[in-house]
Amino acid sequence: MEIVMVFYHIKKSGLLAAGLLISMLLTGCAGGSENVQSGMQLIQNLDYQGAMAEFEEAEAANENERLLYRGRGIAYMGLTDYEQAISCFQTALAASSGIVESVDFDLNYYLAAAYTKNGQYQEAKDTYDAILALRPKEEDAYFLRGNALLNLGDFEGAKEDFDRVVSMSPQNYDRLIEIYETLDHFGYRQEGQAYLQNALDTAEGAMDQFDSGRIYYYLGEYQKAYLALEEAKGNGGAESYLYLGKAYEATGDYNYASSVYNSYISQDPSNAEVYNQLGLCEMAKGEYQKALEAFQAGLEIEGNDMVQALSFNEIVAYEYLGEYQKAAVLLDAYLANYPDDEAAAREKQFLSTR
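Note that this is a predicted model, so its numbers are computed, not measured.

Brief notes about the overall build of the protein chain
Then, number 1: The number of helices and strands found in the protein chain is 20 helices and 0 strands.
Then, number 2: Taken over the C-alpha trace, the protein chain has a radius of gyration of 22 Å; the compact-globule value for 354 residues is 20 Å, and the two agree within 12%.
Then, number 3: Contacts in the protein chain between residues far apart in sequence, at least 24 positions, make up 54% of those at least 6 positions apart.
Then, number 4: Here the protein chain has roughly 16,500 Å² of accessible surface; of this, 45% comes from carbon and sulfur atoms.
Then, number 5: The averaged location of the 56 negative side-chain charges in the protein chain is 3 Å from the averaged location of its 24 positive side-chain charges.

In structure tokens form, the structure reads like this:
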């Protein structure tokens, strides 16, 4: 049985730069008129066709042209029509008054994201160049340009950008981990770990137990990781428990890891990430019914940002339980919302043979 064991974990990797960028920007540029705003709300609800209809109404009502084409571009990205998305963002940029505004940077970030999703990495890199020419302190642009350069096979250029990012915010350990994950994805794990080791070596006691624990986790030093994270969990939130559990999972102690996740859930049953990780842990143990229940409990939490991960993992759990028809129905609905998910497309191919 060929089941794709691709699960979504607690942190978005830096290699998913375009997706990360979109989540950063979706709430930007809140202005505009009624139909544009309605369209943007529909995008938040993953109703891209409905959003397109609202933007048609906005055009008929002569609403703000730049925000209208911005919205259309985002909707086309949701529909995985990146050529049309690029065209819309270019149209919005061309409608500029000639005075550079915040929306111009916003649109250029979106344009670069669309180029990236379309495999046009040189054009994405050129767009980040343009952003940095006007805003040379844009940390996000350096990080995302580094991603583009890795896609172009330019490791040295990417490393220069990542070095710049680290020098700008040496204690931004979230971004440091994103750099590691990106480099790891492109086959530069040791180079990525060098950034993490350097952060430990230069912290001089300034790094707290949570940050040191998760850095030890990515360095593969799991005993040091869970010793630090055991101390951190009393003062930390969900992430302390998530990394602690994952450190135990990495050593093969899935029973203790699941107890860590359940311990947090008993205190706070409203964290979807913890339910997702608990489900992944139960999957690793072969407890597919328990895994399914964990994923479904996470999906019941309103307003969480783990819906895609939980939905996909729910489908895989049903497959392992042998409920292929149920999995197939859910997968069709999933692909309607996330049509460019390659792992889900492979799942559909597998289910078609059952």
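Following the structure, the description resumes.
Thoughts on the pattern of salt bridges
Then, number 1: Here the structure, examined in full by the defined rule, presents 21 salt bridges.
Then, number 2: For Arg72, the salt bridge identified is with Glu56, shortest N-O distance 3.4 Å. With Arg72 in helix 4 (residues 65–78) and Glu56 in helix 3 (residues 48–60), the pair connects residues that are 16 residues apart, well separated along the chain.
Then, number 3: For Glu56, a relative accessible area of 48% puts it in the partly exposed group.
Then, number 4: Between Arg135 and Glu138 there is a salt bridge, with the nearest N and O atoms lying 3.8 Å from each other.
Then, number 5: Linked by salt bridges that have partners in common, Lys125, Asp129, Arg145 and Asp161 make up one network.

Describing the nonpolar core
Where a protein is soluble and globular, its nonpolar side chains tend to be buried together.
Then, number 1: With 108 residues, the main nonpolar core has Ile43, Phe55, Phe89, Phe162, Leu196, Ile215 and Tyr334 as its most contacted residues.
Then, number 2: Here this core takes 10 residues from helix 6 (residues 102–117), the largest share from any one element.

Considering the confidence of the model for the protein chain
Then, number 1: When the pLDDT values of the protein chain are averaged, the result is 90; 91% of them are 70 or greater.
Then, number 2: Taken as a whole, residues 1–20 scores under 50 in pLDDT and shows 63 contacts with residues more than four places along the chain or in a different chain.

Overview of helix 12 (residues 209–219)
Then, number 1: For helix 12, the tally of buried residues reaches 9 of 11 residues, placing the bulk of the element in the interior.
Then, number 2: The set of residues buried in helix 12 consists of Phe210, Asp211, Ser212, Gly213, Arg214, Ile215, Tyr217, Tyr218 and Leu219.
Then, number 3: Near the N-terminus of helix 12, the side chain that reaches the backbone nitrogen of Phe210, with its oxygen 3.2 Å away, is that of Asp208.
Then, number 4: Of the residues flanking the end of helix 12, it is Gly220, one or two places downstream, whose phi is positive at about 80°.

Definitions and limits used
- Residues numbered from 1 in each chain as written.
- Predicted model: local features only at pLDDT ≥ 70, side-chain atom pairs only at ≥ 80, totals over all residues.
- Heavy atoms only, no water.
- Helix = DSSP H or I, 4+ residues; strand = E, 2+ residues; numbered from the N terminus.
- Rg over C-alpha atoms; globule rule 2.2 N^0.38 Å.
- Contact = heavy atoms within 4.5 Å.
- Areas by Shrake-Rupley, 256 points an atom, 1.4 Å probe, with all protein chains shown as cover.
- Lys, Arg positive; Asp, Glu negative; His and termini not counted.
- Charge placed at Lys NZ, Arg CZ, Asp CG, Glu CD.
- Salt bridge = Lys/Arg side-chain N within 4 Å of Asp/Glu carboxyl O.
- Buried < 20%, exposed > 50% of the residue type's maximum accessible area, 1.4 Å probe, protein only.
- Core = buried A, V, L, I, M, F, W, Y, C linked by side-chain atoms within 4.5 Å.
- pLDDT = per-residue confidence, 0-100.
- Polar contact = N/O pair within 3.5 Å; in protein donor to acceptor, adjacent residues only side chain to side chain.

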